[in-house]
Amino acid sequence: MSAREFEILYKETRLNLEPASPSAIVQIRVSPQSSYGRSIASSRTTHVADDEKGYRTRNLGTASSIYYRKHHTSPRGFHWRVLEGDTVLSIRAADVCKQRREADAPLILHLRFASPIRISCIAFSDTKEQDALCVYVVDQANQLYTITLRPDHFRKRSASDGGLGDACRTSSPPGFSFKHPHRLVAVNPDQFIVTMHDGGILRFDRNRSHDSMNNGSMWKETIYNVAGWSQSLRGLVPFQRNPTIRYDKINMELAAATSTAVTTMGFEDNAFLFTICLDHRMRVWDINTGQILYTGDVLNATRDPQDVGKWVIDPSQSNLIRIVEKGEGHSLVITFSPVGTGEFKFWSVRANESGSVQVKDCFPEAQLMPPSPSSLDVWTMADFAVSQQGSDPELWTLWKNNTTYRVQTLQVRQHSSAGPFSEGWKSVFVENTIPPVQTSGPCDPVDSTEKWLDLIFFPGRFSRSTLETALAMYEKGLGTYKETSTKGSKSIAESICSVLGSTTTLDRTSSGGIDYEQFRGTNDTQWMRFWRLLLELDKQRGEALSLVLDGKDGMIWVACADSVAAIRLCSGLDRIYHNLQSPKKKDEDVAALVSAGLTFMESFTDSMLQVSKAALRAELYEDSAKSDDDRINSFFEKAGFYRQITDEDCTQVVETLGHNFQMLTPRLYEDLFDLITSASEANSQELREPFTRLGQKVVVRAMQETVELHSQILFSQLILLVHMEYESDSDEEALHTRFDIGSVYRRLIAALRRLEQLRWMAKTELSIAVSKSDRSSIGPGTGSPTAKRGSEDAYSITALQGLTGHLFGLPEGHSQPLLSSIMDLVLDFCAPGSSTVLDTWSLQCWLLKHDRPDLAYELSPFASQDPFSTYVQGRVFLALTDYGTAAIYFRKASIGLSTQIKDNDRHSAGLLDDTEWNLLNSGLSNYYAHIVNLYDRQKAHTHVIEFSRLALQLVRGLGEEAHGTKTEMLSRLFMASTAIGHFDVAHSALLAMEDEAMQKSYLRKLVEKMCETNHNAELISLPFSGLQTKVDDILLEKCKATKDVLHGVPYHQVLYAWRISHNDFRGGAAVLLDRLQKLRQMGDGDKLGTEDALDTQVTRQYLLLINALSCVAPQQAYILEDVESQAQLGHHNSGDGTTVADDVDLENHLDDLAKRLEAEKVAATRRGNQDGDAAARALLAKMRQFSAAVGQQHNQTPRAAGERKLLTLGDLRKQYQQELDRIVAIQNNQFGFAEDDFMDVGA
């Protein structure tokens, strides 16, 4: 029997169990006989498994299922697995949705036991009084563990930091000392049952009077046997035992229960235990009294005592009975007999409060033997579940063939005249197809390694442990493997590329050229080997272990070794695609259209597909002003598939759609588009129950599958439509004469465009930093706004989940099962006219907020042309440091974002704050001010200048806001211009400033910056209107603060040049005198500047000083020198050859000068030089006036500034001559050794 004979109504969505962050796993060591049963938290370093056995032990579960609590809902479901040689019990929350204000529970608890646990002796329960999960475990050392887990254990790491404490209790039940436990089932938090190897049961009742300090046992044990104590004791006597079967080193009696189920039948004080025993009998126990209320064959058949051995059930079978409570005192019990081909039996069980039960066969005349998925292989019924659909039950079955499984379902019609099982079996489509691997060619747009990485690292395809183990096994095959716990700082992708890349070399051909073809072929061969190794390991992860029904939400799950699979309803297009061979009557035409398109494209080679998809990308991303006919013709020519298709390919299309494609009608295409349109408006309503992270993963994975399927079908329809348009023999028979193919073409392009955007979102994975609210859950973090890839303080999600995950959930008034609600949500997202608008700008803002401009750029082709979208494109290029392109977008958006609007939707995923929003839609000046701020953050000074000028040009008004904008823009303009050396612009901004304090501060910055960058000439050339005195003061202050005048910024020279350029020669001379004095103080002034011995720093400075004073009138040719600075140089010879003390008074010096002038007067009179005498007298008069003024100032002011003396041009010339004589004396080795022993320069 082929699987295709079953109609496919459901699809499987498989999810990885790998945590989003490694720090989400909490390791807890559970120790037996520890003090008061306390557990201790521990950390564990995991190493990469380097072989298949180690991989199975560390990563694949031996048992797995999902438990749903009855009394509490946050969280309600818990997925558990047994790992690492049955020593670890892994438990995590498994809710798909949650209440609106409830916190998520992302932590995974790994309970580590000292001894391997019995996978058949694990049970869970919850109580009304306490919001907690009770866990019961029996290990192979017969230790009983009772563990109580609160919801905080799954939300906060701090809840487990000190271990579980009293929440974990251990005991050694005496009943286990002479009986072997086989199955454990929980009745309620205060009671559970353990079935034994001899057919008896051991009931455990919580000891309420238990004192943990005095008594080690918290449970009271009661033993019940099938045939009383005498029969039980007889089994202990040799040669008096009942027939047994060997299992797990134990002889199990045929009366032992191998599958159990508990029900209360709606009663508060009664509970009943249903068991399927090895002797093919069902027994019903009254748990309170320990009596067996019913015993009968599982199939209600009478067996010959001689054939008992033929109907023995294997002890490993644990899923043979399910109970559906239908009301007080009434239950529907479904049993399965695995003997032979297998058969189901439905029982109606009624009970009363006195404890009696009545068991009735619901369909005594009917047999239900489930068909296996295929008659070509050996399939085994592994598990089943029963859900209640109205008054009729729905049966779900899980079939296994090694690691492959199938799920089938049957709607039972109890009152159908055609029989209860006449509805027919339906199938679940299990995605087990291997993703196609495209061959690499010389014309590929991307490198082959890039294609392999995209294939391998597709989100949700392979777990990290699978990739690491495959890489280790591959390295072992190469002989290069080194056993380490980590690959250092390399990511797993980098490690794979490094290892596989080392196996390929780039050689040369026989002609000497580089052999790219050989390199490409060898590289693909190595990647293919690694790919096959991955597939072999991954296949084991999908081994089904149990089938779980969530009766409340109507969800079906398959728990696998290292994954879980959610069963969801197929959409209309899914059903047609998966049932193309046998469509329903109403879908035959649409199925023919879909089949024709897919069949036509099956003949396309890889190169044809690449060219066609390239032509499609041009249609999706480029806005075209062409007509529909031109667009279709352009696509037809660009795709060019008509050059390579055969007549046989065309004939198949004609055979399917009829001659001249007569089947095609506008109504047929409407039916096709209706299949990809959701009739539900659930996504537009307010969410009542948002999805958890697990629920979001289900939706994202379902979205990935749906996008791929819909894209494949619609792309084939686009190719088929274009082909049929140009396949007609004449224009009269062309397709466009019958209906508007342009409209169909546009709708197909619109649908494919949305699917392409969703595909990008679903395949793009990124790391999100742990938020402050989640840091206590995921683990300790640094709180950085953006996490690096691979950091344990971040969790990985797809862009689809991160960008739209908040939209996933159940709306108000929702009443459908989850398996259909998920289908509606996914279909609505994928529909072209979806109620969920995917604003590209919003997605890009979110990515920019999380510091991923590279991903935001990839979304640019989907961006619209409205002003804010254009602005966001500018932000994307700005983050990519493409400042020129960003400026183009910012200018393009300026008009639209400067105009005031009434209702401004301030949604930007946190990219813009309120201050930035206030600058938008409030005038061009404010908009450009905002752009200036953006560029200023990036230190893009050129564009800061550009937009600052624009903002200043457009500032209007005299109000406080306008003044503030102008001030800020002038400040930004000045700082940016100064930073990149545009000092003329900075000078203009400085002059425009109205704030004197700011102007003075920035003037200092400008002067200092220009001096430090050797732009002295430009500084001198700038006018500094109204600020010249301030510039002089700033330079003078810098000169006074300068100690080393030979190194560093030459402030003295700058100030000298500044004063000379402004005709202040005496001021320039004063600066030179200060520099001369500091040169002599440094002692470096005697160093020769050239080969000329008389050319030193000091002599050159004298020449400059004399030259400066020579440029003024004789009566102005003097400067004042601080006596204090002269004292630092020691005594020196005066201009007339006498020694002048450092503390000589200025007035006395003037008297001496008057005497000298009088002597010179006599000599001048003899020579007839009256003009010189008049000039000398005028100079002396001015000096005395200056002396009087200075004296008056000294009388008013303390002598803090020190005394000063006057130096004339003649004094400076004589000092210069004296300096030259001193240098000559030094050259002639004439030195003075004592303080008063001067050099004899006349020798």
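Thresholds applied
- Residues numbered from 1 in each chain as written.
- Predicted model: local features only at pLDDT ≥ 70, side-chain atom pairs only at ≥ 80, totals over all residues.
- Heavy atoms only, no water.
- Helix = DSSP H or I, 4+ residues; strand = E, 2+ residues; numbered from the N terminus.
- Expected span 1.5 Å × (residues − 1).
- Buried < 20%, exposed > 50% of the residue type's maximum accessible area, 1.4 Å probe, protein only.
- pLDDT = per-residue confidence, 0-100.
- Contact = heavy atoms within 4.5 Å.
- Pairing = 2+ DSSP bridges.
- Axes fitted to C-alpha atoms, helices over the stretch in contact; angles between N-to-C directions.
- Core = buried A, V, L, I, M, F, W, Y, C linked by side-chain atoms within 4.5 Å.

Caption draft 1: Region of interest: helix H17 (residues 818-830). In this model H17 runs 18 Å from its N-terminal to its C-terminal C-alpha over 13 residues, within 8% of the 18 Å that 1.5 Å per residue would give. Of all 13 residues in H17, 13 are buried; the element is thus mostly enclosed.

Caption draft 2: A look at the confidence of the model for the protein chain. When pLDDT is averaged along the protein chain, the result is 83; 84% of the residues meet or exceed 70. Taking the mean pLDDT of every element in the protein chain, the minimum, 36, falls on strand S39 (residues 1139-1140) and the maximum, 96, on helix H21 (residues 883-892). Confidence drops under pLDDT 50 across residues 1129-1144; counting only partners more than four residues distant or on other chains, this segment forms 26 contacts.

Caption draft 3: Inspection of the sheet that holds strand S23 (residues 330-337) at higher detail. Ordered by their spatial adjacency, four strands build an open sheet running S22-S23-S24-S25, and the pairing between neighbours is antiparallel. Edge positions in the sheet fall to strand S22 (321-327) and strand S25 (357-361), since each has one partner strand and no second. Sheet twist, expressed as the average angle between the axes of neighbouring strands with direction ignored, equals 25°. In this sheet, S25 lies alongside strand S24 (residues 343-351) in antiparallel orientation, the contact comprising five bridges.

Caption draft 4: Seen up close, unusual backbone geometry. Residue Pro-75 is bonded to the preceding Ser-74 through a cis peptide linkage, with omega at -10°. Positive phi is not limited to glycine here, since Asn-300 has a value of about 60°. Relative to the elements of secondary structure, Asn-300 occurs in the loop between strand S21 (291-297) and S22. Residue Asn-300 is classed as partly exposed on the basis of its relative accessible area, which comes to 43%. Positive phi outside glycine occurs at Lys-939, with the angle close to 60°. Of the residues examined, Lys-939 reaches a relative accessible area of 56% and is grouped as exposed.

Caption draft 5: Just the nonpolar core, in detail. Trp-557 and Tyr-871 are the most contacted members of the largest nonpolar core, which has 196 residues in total. At 16 residues, the largest contribution of residues to this core is made by helix H13 (residues 693-725). Ignoring anything within four residues of it in the chain, the contact list for Trp-557 reads Leu-15, Ile-66, Tyr-68, Val-96, Ser-546, Leu-547, Val-548, Val-564, Ala-565, Ala-566, Leu-694 and Val-698. Counting residues in hydrophobic clusters, the runner-up holds 39 residues, among them Ala-261, Phe-267, Phe-272 and Phe-346.

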